[in-house]
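Each chain, letter by letter, is given below.
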Protein chains: 2
Amino acid sequence: MLATRLDLDRIRAARRVIDPIFLNTPLYQCDALGRQLGCTVSIKLETANPVRSFKARGTELVASLLTDQGRSAVVCASAGNLGQALGWSGRRRGLDVTVVASRSAPTAKLDRIRALGAELELVDGDFEMARERAVSIAHQRGIRLVEDSLDVETCEGAATIGLELADAGSAFDTVLIALGGGAMATGVGSVLKILSPDVKMICVQPLGAPAMTRSWHERRVVTTDSTDTIADGVAGRYPIPEVLNDLLQVADDAVLVQEASIVAGMRMLLEHTGLVVEPSAALGVAAVLEDPDRFAGRHLVTIICGSNVGLDDYHRWVRP
Amino acid sequence: MLATRLDLDRIRAARRVIDPIFLNTPLYQCDALGRQLGCTVSIKLETANPVRSFKARGTELVASLLTDQGRSAVVCASAGNLGQALGWSGRRRGLDVTVVASRSAPTAKLDRIRALGAELELVDGDFEMARERAVSIAHQRGIRLVEDSLDVETCEGAATIGLELADAGSAFDTVLIALGGGAMATGVGSVLKILSPDVKMICVQPLGAPAMTRSWHERRVVTTDSTDTIADGVAGRYPIPEVLNDLLQVADDAVLVQEASIVAGMRMLLEHTGLVVEPSAALGVAAVLEDPDRFAGRHLVTIICGSNVGLDDYHRWVRP
């Protein structure tokens, strides 16, 4: 019996609140990629939408609740994708959105947050510093703070991906999920553990940002002093205890991958699917590249979670 | 009163035959692209599927009819995308598929046709030569010849894109459509002229392969001696009279664009949507780039019809 914070009925209800533009995303087999990887690979594509990541599934839910409550402003810390998504969902509903991000976040992400009309505040330091600043803005202004992965709506929004995977009824046996704060992993995992209990849920994190993976293995919060990865979207240092608790119940494994594998994964996705993806979205392919025997002959789903990447960075990493 | 060869009821019924993996494709607004182009731009994405183009909507229909008729083999000429799509649809139904293509078709397309298990025969010369050879194979072997754009199923399959655009009920006023043989243009146009008659249907073809566009303007078949364009997917020389007749009823305009604009369009799609597209899929953006005043302030839909492009070619064209 699962005892995560997530609720299947609420997740089902979320589908009626989230703008359909973010739902029922493509799920399709990519033979060319599968041949290269020695297994069957299906792609769940979360980037063909106005914010180019899965995050709006959660912010649609959050923003809808806020407007129901008569709120008019909201603040979040973001590595870049949550801020865009909240900017989009807030703009649509007339909410004032403030996003706090690290000055070192990708320019492409910061520019797109501004373009959505959100107020963007930059902090020196990393995502965890942005989180602290967002907390103090929320207190000062008396406005709602959205905390990615901690706020159950961010997890339950992402969990609608799990419903779509379960509904698809295809024969996949393994889902590879990028692991950062844990909203997507606990969201998708909570649904699949109920509706498709035989499917293995494997989380993938960069070796350079291993806090949540280490925490999962040690079954207690393990923090790190720094991160060192191009996968900016998943580079946290302080796992949230409530999220870890959920993750312990729904993940079958959590693995770490090297930067070179992430880049190789991005290159393979470019070549075999024509998709330019951000590093976090290549973590699943990276995991297969590092342990092909483990996945040989399996049918994997890898969630392409975001494509917000600056082309200069992308070309520097991916060019042969 | 429209008098095309296409039938709205058959098009609606086609949705029950086509594998859902090819249906209900993403339709979403891309603000960053719109800002660059001075208008509102929505993308209809036809590449997030196993064959990376819209063509399987038609081949699903064709292959389903053939199996209903107890046929076991089929042949087509292809610039590359139809062959992949027929290969996919035929493999799924146990049909023997033969594809005839030009030796100069993109290697990426030819490799993917072979990978799908189709028999691939290459001819010297261009697509029109492949068409002749496919006709003679069909006669020799007594098997069904699939003729893109002439066979109404290829048009009615593509027309399901039009149903999805009409169903979306969004506020777009113009659809930009890559024009080659005319299956997609007559398909989508036939539906929109009935269900969304105020929407303008503008066909776009390369200046280097202008036969159908010239034919549309002159209201009679105009052939050309050669083609010279990187947009291999739309490079025919002999417009089909029946298709021209349909196109005359459903297109509001047909324009020609330069190669440099196609490349600029591919680059903009890469930068602002993260999509690697084949040249044909950039024709819509190219049309806006060449005549921005005409489209200023409008809400366009551009159909991203294919992404089968070799990365070497792509980088040679698109790299800054």
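Residues numbered from 1 in each chain as written. Chains lettered and ligands numbered in written order. Predicted model: local features only at pLDDT ≥ 70, side-chain atom pairs only at ≥ 80, totals over all residues. Heavy atoms only, no water.

## Description of the overall build of chain A
Alright, step 1. Check the secondary structure of chain A and you find 14 helices and 10 strands.
Alright, step 2. For chain A, whose C-alpha radius of gyration is 18 Å, the value lies close to the compact-globule estimate of 20 Å for 320 residues.
Alright, step 3. Counting only C-alpha atoms and orienting by the principal axes, one finds that chain A spans roughly 55 × 45 × 35 Å.
Alright, step 4. Counting across all 320 residues of chain A, residues that qualify as buried make up 64%.
Alright, step 5. Once local pairs closer than 6 in sequence are excluded, the contacts in chain A between residues at least 24 apart make up 74%.
Alright, step 6. For chain A, the computed accessible surface area is about 11400 Å², with 47% contributed by carbon and sulfur atoms.
Alright, step 7. One finds the centroid of the 33 positive side-chain charges in chain A at a distance of 2 Å from the centroid of its 40 negative side-chain charges. (Helix = DSSP H or I, 4+ residues; strand = E, 2+ residues; numbered from the N terminus. Rg over C-alpha atoms; globule rule 2.2 N^0.38 Å. Buried < 20%, exposed > 50% of the residue type's maximum accessible area, 1.4 Å probe, protein only. Contact = heavy atoms within 4.5 Å. Areas by Shrake-Rupley, 256 points an atom, 1.4 Å probe, with all protein chains shown as cover. Lys, Arg positive; Asp, Glu negative; His and termini not counted. Charge placed at Lys NZ, Arg CZ, Asp CG, Glu CD.)

## What about unusual backbone geometry?
Residue and element names in this part refer to chain A.
Alright, step 1. Even without being a glycine, Ser149 presents a positive backbone phi close to 80 degrees.
Alright, step 2. Counting through the fold element by element, Ser149 comes out in the loop between strand S6 (144-146) and helix H7 (152-168).
Alright, step 3. The class of Ser149 is buried, set by a relative accessible area of 2%.
Alright, step 4. Phi is positive for Arg219, which is not a glycine, with a value near 55 degrees.
Alright, step 5. Here Arg219 is to be found in the loop between helix H9 (211-218) and helix H10 (241-250).

## Re the relation of the copies chain B and chain A
Alright, step 1. Rotating chain B by 180 degrees about the axis while translating it 0.0 Å along that axis superimposes it on chain A, leaving an RMSD of 0.0 Å. Such a combination of rotation and displacement between the chain copies is what one expects of a two-fold axis. Rotation axis and chain B: the residue whose C-alpha lies nearest the axis is Leu275(B), separated from it by 2.8 Å.
Alright, step 2. Mapped onto chain A, 100% of the interface residues of chain B again fall at the interface, so both copies present the same surface. (Least-squares fit on C-alpha atoms with pLDDT ≥ 70 in both.)

## Some words on the sheet that holds strand S3 (residues 73-77) of chain B
Residues and elements named next belong to chain B.
Alright, step 1. Read across the open sheet, the 4 strands follow the order S5-S4-S3-S6; overall the sheet is parallel. Across the chains shown, the open sheet's two edge strands, defined by having one partner strand only, are strand S5 (119-123) and strand S6 (144-146). Averaged over neighbouring strand pairs, the angle between their axes works out to 25 degrees when direction is ignored.
Alright, step 2. By the bridge criterion, 5 bridges tie strand S4 (residues 96-102) to S5 in an arrangement that is parallel. Bridge pairing in S5 links Ala101 to Leu122.
Alright, step 3. Relative to S5, helix H5 (residues 107-115) is tilted by about 150 degrees, and along the sheet it contacts S4 and S5. (Pairing = 2+ DSSP bridges. Axes fitted to C-alpha atoms, helices over the stretch in contact; angles between N-to-C directions.)

## Some points on the interface of chain B and chain A
Alright, step 1. If you look at the interface, chain B gives 27 residues, while chain A gives 27 residues.
Alright, step 2. Taken together, both faces of the contact between chain B and chain A bury some 2000 Å²; the carbon and sulfur share is 58%.
Alright, step 3. Taken together, the links from chain B to chain A amount to 2 salt bridges.
Alright, step 4. The partner of Arg91(B) in a salt bridge is Asp31(A), and the shortest N-O contact between them spans 3.0 Å. (Buried area = accessible area lost by both parts, 1.4 Å probe. Salt bridge = Lys/Arg side-chain N within 4 Å of Asp/Glu carboxyl O.)

## Side note on the packing of aromatic side chains
Residues and elements named next belong to chain A.
Alright, step 1. In total, this model carries 2 aromatic pairs over all chains according to the counting rule given.
Alright, step 2. For the pair Phe22 and Trp88, a centre-to-centre distance of 4.9 Å together with 90 degrees between the ring planes defines the contact as edge-to-face. With Phe22 in the loop between helix H1 (8-14) and strand S1 (27-29) and Trp88 in helix H4 (residues 81-93), this residue pair connects regions lying 66 residues apart in the sequence.
Alright, step 3. The exposure class assigned to Phe22 is buried, which follows from its relative accessible area of 2%.
Alright, step 4. Using a relative accessible area of 11% as the deciding quantity, one classes Trp88 as buried. (Phe/Tyr/Trp six-rings, centres within 6.5 Å; stacked < 30°, edge-to-face > 60°.)

## Let's talk about helix H10 (residues 241-250) of chain B
Alright, step 1. Taken together, the buried positions of H10(B) are occupied by Val243(B), Leu244(B), Asp246(B), Leu247(B), Leu248(B) and Val250(B).
Alright, step 2. Where H10(B) is buried, its residues meet helix H8 (183-195), strand S8 (200-206) and helix H9 (211-218) of chain B.

## Regarding the nonpolar core
Alright, step 1. Within the largest apolar cluster, 144 residues are counted, with the highest numbers of intra-cluster contacts made by Met184(A) and Met184(B).
Alright, step 2. Residues contacting Met184(B), with those up to four places away along its chain left out, are Phe54(B), Ala158(B), Ile161(B), Ile177(B), Ala178(B), Gly189(B), Ile303(B) and Cys305(B). (Core = buried A, V, L, I, M, F, W, Y, C linked by side-chain atoms within 4.5 Å.)

## Looking at the domain arrangement of chain A
Residues and elements named next belong to chain A.
Alright, step 1. If you check the domain split of chain A, you get domain 1 (8-50 + 155-318) and domain 2 (56-146).
Alright, step 2. Here the C-alpha centre of domain 2 lies 23 Å away from the C-alpha centre of domain 1.
Alright, step 3. In this assembly, domain 1 packs against domain 2 so that about 1900 Å² is buried in total across both faces, 51% of it on carbon and sulfur atoms.
Alright, step 4. Considering only the surface of domain 1 that becomes buried against domain 2, Val17, Phe22 and Asn308 emerge as the three largest contributors, covering 30% of it.
Alright, step 5. Linking domain 1 with domain 2 are 6 salt bridges, by the criterion used here.
Alright, step 6. Its salt-bridge partner being Glu278, residue Lys109 comes within 2.7 Å of it at the nearest N-O pair.
Alright, step 7. Our count for the contact surface shared by domain 1 and domain 2 stands at 15 residue pairs in polar contact (both at pLDDT 80 or more).
Alright, step 8. Grouping the amino acids of the side of domain 1 that touches domain 2 by side-chain chemistry returns 13 nonpolar, 9 polar and 8 charged. (Domains from an automatic or database assignment. Polar contact = N/O pair within 3.5 Å; in protein donor to acceptor, adjacent residues only side chain to side chain. Nonpolar A, V, L, I, M, F, W, Y, C, P; charged D, E, K, R; others polar.)

## Here's the deal with the pairing of S3(B)
Residue and element names in this part refer to chain B.
Alright, step 1. Here S3 lies mainly inside the structure; 5 of its 5 residues are buried.
Alright, step 2. Here S3 shows a buried face lined by Ala73, Val75 and Ala77 and a second buried face lined by Val74 and Cys76.
Alright, step 3. Sheet topology places S3 next to S4; 5 bridges connect them, and they run parallel. Each residue of the ladder has a partner; that of Ala77, found in S4, is Val100.
Alright, step 4. Assessed by its sense of winding, the connection that carries the chain from S3 through helix H4 (residues 81-93) to S4 is right-handed. (Right-handed = clockwise from strand over helix to strand, strands pointing away.)

## Description of the sheet that holds strand S9 (residues 253-257) of chain B
Residue and element names in this part refer to chain B.
Alright, step 1. The strand order S1-S2-S10-S7-S8-S9 describes an open sheet built from 6 strands, whose pairing is mixed. Taken across any chain shown, the strands that pair with only one partner, and hence form the sheet edges, are strand S1 (27-29) and S9. Geometrically, the sheet is characterised by an average inter-axis angle of 25 degrees between neighbouring strands, direction not taken into account.
Alright, step 2. As defined by bridge partners, strand S7 (residues 174-178) adjoins strand S10 (residues 299-304) across 3 bridges and the pair is classed as parallel. When the sheet's bridge partners are listed, Leu176 is paired in S10 with Thr302.
Alright, step 3. Sheet strands touched by H9: S8 and S9. Its angle to S9, the strand with the most contacts, is close to 140 degrees.

## What about the packing of helix H8 (residues 183-195) of chain A against H10(A)?
All names here are of chain A.
Alright, step 1. In the contact formed by H8 and H10, the axes pass within 9 Å of each other and the chain directions differ by 40 degrees. Taken as a pair, H8 and H10 cross one another with a handedness that is left-handed. In contact with Ala185, Thr186, Gly189, Ser190 and Lys193 of H8, H10 contributes Val243, Asp246, Leu247, Gln249 and Val250.
Alright, step 2. Grouping the constituent residues of the contact of H8 with H10 by class yields 4 nonpolar, 4 polar and 2 charged. (Left-handed = near helix turned anticlockwise from the far one by under 90°.)

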